[in-house]
Structures are given as structure tokens and as C-alpha cells.
Amino acid sequence: MGTAVKTVIYLDVLLLVNFLVAYLLLRAVGFVCGTSPGFWRTCAGAVLAALSALILLAPPLPAALSLLYQAASAAAVCRAACPFRGWRCFARQTVWYFLLNLGLAGAVLLALSHDLPLGAQTNNFAVYWAVSPTLLAGCALLVYLTLRLVVLVFGGPKETECWQLQLSLNGAELPPLTALLDTGFLLRDPLSGQAPVLASYTSMRGAVPEAVAVFLEEFFAGACPEPPPGVPIRLIPCKTAGGMRTLPAVGGFSARLSGTGKVRQASRVLVVFTDQTLADASIQALFGTEFYHTARPVQRQFAQAGRERSAAE
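Analysis parameters
- Residues numbered from 1 in each chain as written.
- Predicted model: local features only at pLDDT ≥ 70, side-chain atom pairs only at ≥ 80, totals over all residues.
- Heavy atoms only, no water.
- Helix = DSSP H or I, 4+ residues; strand = E, 2+ residues; numbered from the N terminus.
- Buried < 20%, exposed > 50% of the residue type's maximum accessible area, 1.4 Å probe, protein only.
- Areas by Shrake-Rupley, 256 points an atom, 1.4 Å probe, with all protein chains shown as cover.
- Pairing = 2+ DSSP bridges.
- Salt bridge = Lys/Arg side-chain N within 4 Å of Asp/Glu carboxyl O.
- Expected span 1.5 Å × (residues − 1).
- Phe/Tyr/Trp six-rings, centres within 6.5 Å; stacked < 30°, edge-to-face > 60°.
- Contact = heavy atoms within 4.5 Å.
- Axes fitted to C-alpha atoms, helices over the stretch in contact; angles between N-to-C directions.
- Parallel < 35°, antiparallel > 145°, perpendicular 65-115°, else oblique.
- Left-handed = near helix turned anticlockwise from the far one by under 90°.
- Nonpolar A, V, L, I, M, F, W, Y, C, P; charged D, E, K, R; others polar.

Novice: Honestly, the overall build of the protein in this entry has me stumped. Any pointers?
Specialist: Looking only at helices and strands, the protein features 8 helices and 11 strands. Out of the 313 residues in the protein, the part that is buried amounts to 40%. In the form shown here, the protein has an accessible surface area of approximately 17,700 Å², with 62% of it arising from carbon and sulfur atoms.

Novice: Any chance you could explain the pairing of strand E3 (residues 162–169) here in plain terms?
Specialist: One face of the sheet, then the other: side chains in a regular strand alternate in exactly this way. Among the 8 residues of E3, 6 are classified as buried, and the element is accordingly described as predominantly covered. Pairing of E3 with strand E4 (residues 172–173), which is carried by 2 bridges, proceeds in the antiparallel orientation. From the neighbouring strand, Ser 168 faces E4, where its bridge partner is Glu 173. Hairpin remark: E3 followed by E4, antiparallel, with 2 residues in the connecting loop; positive phi at Asn 170, about 55°.

Novice: In this structure, what is going on with the pattern of salt bridges? I would like to understand it.
Specialist: Opposite charge on two side chains permits them to pair, given that their charged atoms come into close proximity. What the rule picks out here adds up to 3 salt bridges. Asp 189 is paired through a salt bridge with Arg 234; the nearest N and O atoms lie 3.2 Å apart. Separated by 45 residues along the polypeptide, Asp 189 in the loop between strand E5 (177–181) and strand E6 (197–200) and Arg 234 in strand E7 (residues 233–240) bring together distant segments of the chain. Accessibility expressed as a relative area gives 1% for Asp 189, which makes it buried. For Arg 234, a relative accessible area of 28% translates into the label partly exposed.

Novice: What's the story with helix H2 (residues 39–52) in this structure? I'm lost.
Specialist: A turn of α-helix holds 3.6 residues, and therefore any two residues three or four places apart point the same way. Helix length check: H2, at 14 residues, gives a terminal C-alpha distance of 20 Å against a target of 20 Å (1.5 Å per residue), a fit within 8%. Among the residues making up H2, those that are buried are Thr 42, Cys 43, Gly 45, Ala 46, Ala 49, Ala 50 and Ser 52.

Novice: I keep staring at the packing of aromatic side chains and nothing clicks. Help me out?
Specialist: Pairs of aromatic rings are described using the distance from one ring centre to the other and the angle between the two planes. The tally for this structure, following the rule as stated, stands at 9 aromatic pairs. Plain terms: the ring middles of Phe 253 and Phe 273 are 6.4 Å apart, the flat faces sit at 55° to each other, and that makes the pair tilted. Residue Phe 253 is found in strand E8 (residues 243–258), and its partner Phe 273 is found in strand E9 (residues 263–274); the two are separated by 20 residues along the sequence. Cluster of aromatic residues (ring-pair linked, three or more members): Tyr 201, Phe 215, Phe 219, Phe 220, Phe 253 and Phe 273.

Novice: What is the right way to look at the pairing of E6 in this model?
Specialist: Across the two faces of E6 the burial is the same, with Val 197 and Ala 199 and Leu 198 and Ser 200 all buried. As paired elements, E6 and E9 share 4 bridges and run parallel to each other. Each bridged residue has a counterpart across the sheet, and for Leu 198 the counterpart in E9 is Val 272.

Novice: I keep staring at the side chain of Thr 94 and nothing clicks. Help me out?
Specialist: Turning to its location among the elements, Thr 94 is positioned in helix H4 (residues 87–112). Assessed through its relative accessible area of 12%, Thr 94 is described here as buried. Those residues in contact with Thr 94 that lie beyond four places of it in its chain are Ala 71, Ala 74, Ala 75 and Cys 78.

Novice: How should the environment of Phe 220 be read in this particular structure?
Specialist: You can see Phe 220 is positioned in helix H6 (residues 210–220). Note: C-alpha distance between Phe 220 and Pro 248 (28 residues apart in sequence) is 9.2 Å. Those residues in contact with Phe 220 that lie beyond four places of it in its chain are Tyr 201, Arg 245, Leu 247, Pro 248, Phe 273, Thr 274 and Asp 275.

Novice: Please explain the packing of H2 against helix H3 (residues 63–81) as it appears in this structure.
Specialist: Geometry of a packed helix pair, given as the angle between the helix axes and the separation of the axes. The interhelical angle for the contact between H2 and H3, taken along N-to-C directions, is 160°, at an axis separation of 7 Å. One element, H2, and the other, H3, form an angle in the roughly antiparallel class. In this structure, the crossing between H2 and H3 has a hand that is right-handed. Contacts between H2 and H3 involve Arg 41, Thr 42, Gly 45, Leu 48, Ala 49 and Ser 52 on the former and, on the latter, Tyr 69, Ser 73, Ala 76, Val 77, Arg 79, Ala 80 and Ala 81. Considered class by class, the residues forming the contact of H2 with H3 number 7 nonpolar, 4 polar and 2 charged.

Novice: Before we go on, may I ask you to explain the packing of helix H1 (residues 11–33) against H2 in this structure?
Specialist: Direction vectors running N to C along H1 and H2 enclose 135°, while the axes themselves pass 8 Å from each other. Classified by the interaxial angle, the pair formed by H1 and H2 is oblique. The hand of the H1/H2 crossing is right-handed. Residue-level contacts link Leu 15, Asn 18, Phe 19, Ala 22, Tyr 23, Leu 26 and Arg 27 of H1 to Phe 39, Thr 42, Cys 43, Gly 45, Ala 46, Val 47, Ala 49, Ala 50 and Leu 51 of H2. Per-class residue counts for the contact of H1 with H2 are 12 nonpolar, 3 polar and 1 charged.

Shape is all these values report; function is a separate question.
Right, here's the structure in full:
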């Protein structure tokens, strides 16, 4: 009969190696997601990641519970390391960090699957291998450099593109809104197929016409108000983070988008109102690429008008 071999785990090595690995992986996540955290925030996330590795010393847990712990710790690490820029960005950071960690652990297990050496131990989806910390840190550095190379060759993700949105209804201008061009924005009017703008009513309360404001207040309070006469209002089904909802949409707006050296405008715009905050509350409106391309460049319009005046003369 063989004798059981006890693995000696050095706590200082475990924490130090996991700190270095987590630091490099968090930097890699920052490059992939286009939200590179600062040095001190990355260190804070790496410290939390190192402490979460102590699950290796706990009694064995069911596989589902171990996986849930790893996912929750990945979310906590990313929340500590990366500035919050909305739930979608946070989810993307968490998924990338979680997958990179699983990939690194899987690579170690694959290399050891045929001949597991002395000093290797796995527990609760955590891997400990009594080798030089330089080797493990070097593996994480290789992952980091590989992702840097991918970003260098294929380019990194584009920065968030924010615009100033100026809406007007029946000649009355509303306060300017900070609008985000969201490439994943797929909301459409099911009747006309028009690409609308999604606006936060909490950011526009008191600015919309009184008849529209009364309708929206009663609607979001849970009542079923009658649409005001002369105002095109319809209800549009919309999928949100909380599930399917029906949101009120008001038509007949004029819109003007102002960005970095670019101005676009559109008429007969449909605006869908929501009582929820958008992104991290610094964004008051969302629109998609289809609406962006529907809006006309103002410069081009002025140039065409100038050519028409010259032809008339």
C-alpha cells in the first residue's frame, strides 16, 4: 500500500504568488475592456484576490458551490480594482477576469494531468503547486503580454462615446442631456420599425410639456392614464435588466446631437421614457447606431443648402 503524501502549503508564498498573478490578470482585463485601473486600485483588487485564494485551505465544497465562490470573488475583485462605469462594463470585466483565472488554472492542470508532481494540490477550484513563485508569476506575465500583443495587433476597444442631446417638442427646447452611443442598443418601435432614443424621465422631470409630464407621472406611478390630446404617445415593450417592461414613447421630437467636431440632427424622433437610471447616472439618454446614421450631419446639410443658393443665383 502506498503512503499518503502530505502537501506543505506555505501561506506567505500562496498569498504573494496570488497577489502577483491577480495584479497581472487585472491589468490584462483593463486592456481588454478598455478600462485600465490605476496602480493602487489594482493593488487593492490583487490583495482581495490573494485573500480569496485561502479557500484552498477550507474543507472541500460541492463543485457548484466552489464555482459560485470563484465567480463571486471575481466580481468582488473587479469591483475593488476597476472604476464603476455601468453594470454592463462591470459584467464584462468580471467575466474576463473569471475566464482568465479559470484558463490559467486549467493550463496548470492540463500540464499536470498525466504526471501530477509532488507538491501539487487542488481544492475548491483553487490550484496550489509548490514550484518557484517566479515560474507562476512568469506564466501570468505571459498571459498579460499575450493580451497586450493582441490589443497591439487588432486594436483596443473604443472609448465610450458620449454626445450632448438637445431635444425639442413643438418648438420648446428641453435641457441638454448627456447621451451615450450604445452599439448594443436594439430597441425599436414594433409598429413603425423606427429606432428611438431612450431617455431617463428622472433627468427630464419638470422640463417636458405639462400634459406629457402628467401622463408620465401617472404611468410610472402605476396608473393607466389617458394620452393627452394631440400628442402621439404609444407603449413599447422593452427588455431591461429587471425583465420585460412596457415603456411610454412620445413622438414628434426634434433632436440635435453634438459631439467632438460633429453635429447631427433628426426630426420626428420617437423618445422612450424610463423611470430607471441609465449607466452610472451620469448618462441621461441612450441611442443606437441606427438612430445615429438616421440623423443627418448638419455640416453636409449646410453645404447642400449653399450649393442650392448658388445654383439659384
